[in-house]
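Here are the chains, one letter per residue:
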Amino acid sequence: MNRREFAQLCGAGLAGTASLFRTSLLPAEESSAQSTQTNLHDTIRLYGDRAGRSQGVGYLETPAVTPWIGESGTATWELNVAEASECEVSVCYAASAGGWKCELSVSGNKLAGDMVRTEGRYWDSRFNFERAHLAGTLHLPAGPISLTLRAWQEESYEVEEFWLPMRPAFVLRSIELTPVSAKPTIAAEQQLARKQRANTEWMSDAGYGVMFHWNSRSAPRHGSRKGYDDAVRDFDLNAFVEAVERSGAGYALITTGWADPCCPAPIRSWEKFFPGWTARRDLIAEIAEALGKRGIKFLLYFPSQTLGWGENYERLNEVSTIEFMDIHRQVLTEIGDRYGTGVAGYWLDGWGLVTVKFPDIPKEEVFHICKVGNPDRVFALSNWVFPLENPWQDYLAGDLGSIENPPTSRYIEDGPGAGIQYHYCATLDESNWAHESIETPMPHPRFTDARLVGYIKACMAQKVPITLNMGIFQEGTPGEKTLNQVQLLRRAIHGA
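A. How the structure looks around the side chain of Ser 247. Checked against the element boundaries, Ser 247 lands in helix α5 (residues 237–247). The class of Ser 247 is buried, set by a relative accessible area of 0%. Side-chain polar atoms of Ser 247 contact the backbone nitrogen of Ala 249, separated by 3.1 Å. Ignoring anything within four residues of it in the chain, the contact list for Ser 247 reads Tyr 208, Val 210, Val 486 and Arg 490.

B. Main features of the side chain of Glu 103. Among the secondary structure elements, Glu 103 is positioned in strand β7 (residues 100–106). Those residues in contact with Glu 103, other than ones at most four positions away along the chain, are Lys 110, Leu 111, Ala 112, Thr 148, Leu 149, Arg 150 and Trp 152.

C. View of the packing of α5 against helix α7 (residues 283–293). Packing of α5 against α7 brings their axes to within 10 Å, and their N-to-C directions diverge by 45°. If you check the angle between α5 and α7, you find them oblique. Note that α5 runs across α7; the crossing there is right-handed. Contacts between α5 and α7 involve Leu 237, Phe 240, Val 241 and Val 244 on the former and, on the latter, Glu 286, Ile 287, Ala 290 and Leu 291. Of the residues belonging to the contact of α5 with α7, the class tally is seven nonpolar, no polar and one charged.

D. Region of interest: the nonpolar core. The biggest cluster of nonpolar side chains holds 93 residues, and the ones touching the most others in it are Trp 214, Ile 287, Phe 298, Leu 300, Phe 302 and Tyr 346. Counting residues per element, this core draws most heavily on helix α9 (residues 321–339), at seven residues. Setting aside its immediate chain neighbours within four residues, Phe 302 contacts Thr 256, Trp 270, Leu 307, Leu 332, Ile 335, Tyr 346, Trp 347, Leu 348 and Asp 349. Leu 46, Val 57, Cys 87 and Ala 95 belong to the second-largest nonpolar core, a separate cluster that totals 34 residues.

E. Examining the sheet that holds strand β16 (residues 378–381) more closely. Strand order in the open sheet formed by eight strands is β16-β15-β14-β13-β12-β19-β18-β17, and the pairing between neighbours is parallel. Edge positions in the open sheet fall to β16 and β17 (399–401), since each of these has one partner strand only. Averaged over all neighbouring strand pairs, the angle between strand axes comes to 25°, with direction disregarded. Taken together, the five bridges between strand β14 (residues 297–303) and strand β15 (residues 345–349) define a ladder with parallel strand orientation.

F. Summary view of the packing of aromatic side chains. For the structure on display, the rule yields 20 aromatic pairs. Between Trp 214 and Tyr 228, the aromatic rings sit 6.0 Å apart at their centres with planes inclined by 40°, giving tilted as the arrangement. Taken together, the positions of Trp 214 in the loop between β12 (208–212) and α4 (228–234) and Tyr 228 in helix α4 put the pair 14 residues apart, joining distant regions of the chain. Aromatic pair Tyr 422 and Tyr 424: ring centres 6.0 Å apart, planes at 45°, arrangement tilted.

G. Unusual backbone geometry, seen in detail. In this structure, Ser 107 is a non-glycine residue whose phi angle is positive, near 50°. With respect to the helices, strands and loops of the structure, Ser 107 is situated in the loop between β7 and β8 (109–115). Look at Ser 107 and you get exposed, because its relative accessible area is 54%. Non-glycine residue Lys 463 carries a positive phi angle of around 60°. Mapped onto the fold, Lys 463 is located in the loop between α12 (449–461) and β19 (466–469). A relative accessible area of 28% means that Lys 463 is categorised as partly exposed.

H. Broad picture of the state of the cysteines. Counted according to the given criterion, the structure contains zero disulfides. The structure places no disulfide on Cys 263, whose sulfur is separated from the nearest cysteine sulfur, that of Cys 262, by 8.0 Å. On the basis of relative accessible area, Cys 263 is assigned to the buried category, the value being 0%.

I. Inspection of the pattern of salt bridges at higher detail. Summed over the entire model, instances satisfying the criterion amount to 23 salt bridges. Glu 88 is the salt-bridge partner of Lys 183, the closest N and O atoms lying 3.0 Å from each other. Here the residue Lys 183 occupies a position in helix α2 (residues 183–196), and Glu 88 occupies one in strand β6 (residues 85–95), the gap between them amounting to 95 residues. Linking Arg 126 and Asp 124 is a salt bridge whose minimum nitrogen-to-oxygen distance equals 2.8 Å.

Here is what the cut-offs are and how they apply
Residues numbered from 1 in each chain as written. Predicted model: local features only at pLDDT ≥ 70, side-chain atom pairs only at ≥ 80, totals over all residues. Heavy atoms only, no water. Helix = DSSP H or I, 4+ residues; strand = E, 2+ residues; numbered from the N terminus. Buried < 20%, exposed > 50% of the residue type's maximum accessible area, 1.4 Å probe, protein only. Polar contact = N/O pair within 3.5 Å; in protein donor to acceptor, adjacent residues only side chain to side chain. Contact = heavy atoms within 4.5 Å. Axes fitted to C-alpha atoms, helices over the stretch in contact; angles between N-to-C directions. Parallel < 35°, antiparallel > 145°, perpendicular 65-115°, else oblique. Left-handed = near helix turned anticlockwise from the far one by under 90°. Nonpolar A, V, L, I, M, F, W, Y, C, P; charged D, E, K, R; others polar. Core = buried A, V, L, I, M, F, W, Y, C linked by side-chain atoms within 4.5 Å. Pairing = 2+ DSSP bridges. Phe/Tyr/Trp six-rings, centres within 6.5 Å; stacked < 30°, edge-to-face > 60°. Disulfide = S-S within 2.5 Å. Salt bridge = Lys/Arg side-chain N within 4 Å of Asp/Glu carboxyl O.

Now the structure itself:
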């Protein structure tokens, strides 16, 4: 789901949502709270999927947020606490207006705080999710308990409307409970993760890279779409590499999977989990070698929200953490061993959902799996627009989509992601990332030359790399208008 779809979904309200998308916004009478077993050795994150919701509060399964439709509402979680604990509390939220207050209560104990309008990299503040730390600690008694969040807008504020409807004004990602007793362990883990991260200097020095959502649904310039294996066989490697070189990008990234679980190489483990979705030609190896000869780094995109569910990739709730990890372990180990240093980085999508579905995911193991074959490989776990919840990664996936507010620092400064390299990803022409429409020209560039060049320069001043997604035809070539624009960008940045 992109940000425009999310905004339209929220603006549609409870009644209109189900007809718009396969994701659901559930009114309170259609949901019930589920008991959550707490782990007092780490931060406990309470998402809306396990909350009972009252009037005015809904839940979007994708992208796993709880919007307040009206000016007040509550969400309640049932917890089973192994032992009594004092917890620090943060509310992870976004608000398009100020004047919001929240109160968290359990067994007569309460914490309250003000929720200001959130600011950040997006013009629409409903995407600027941040953590608000509530003063004091909340006592969690041992045994079954009910924890309730009440949020309401005490004052009304004027909101400057851009291109989106401005409801809801308050969107909850999660409640974060950090046991005071667990803080030393959490800090030690974050420090360990920080020490093991790869050097991102090459990525930062590149300034910008290019990305291509080339997959089984990519449309040709003309005529009918080929089957995936035939499309991989006929992919024009020379034209593709020439386009990347002309762009002036320091690195290039291509997708595996995305809409369907397709892989442009004969990966045995991939074929095992997704029969018929691999290719006989090893396009990954060919691209990596050809780009490497030109001094251009090569990265791969993996959709964990598809890859991790195997043949059940359209039935997300039917796979266990063990099964999810086994698929990633086998596939990423084979790919890491096969390509080694030829693949300089990974971009793993869908982790804003993965962490909700699998809260007990072994984070450090995922980190080490992604380093197989190349300990210097950089990788990111896309948490969509939410603050990072996992310190075990090298750079921020930065699923920005558009070009909006430039960054103000090179590294994330606080939270689990402290010290991680900032990076953003925007799409230059296709608003939905991939060009899938038959007999349709590539859209024109979305941004003026001046805006694009100015933004890249502002990011480079902070040493923040930007990945620019370019629409690509099934033959393996991008649209000429977009390619002309990135050539202009190359001249503006590199002078040649």
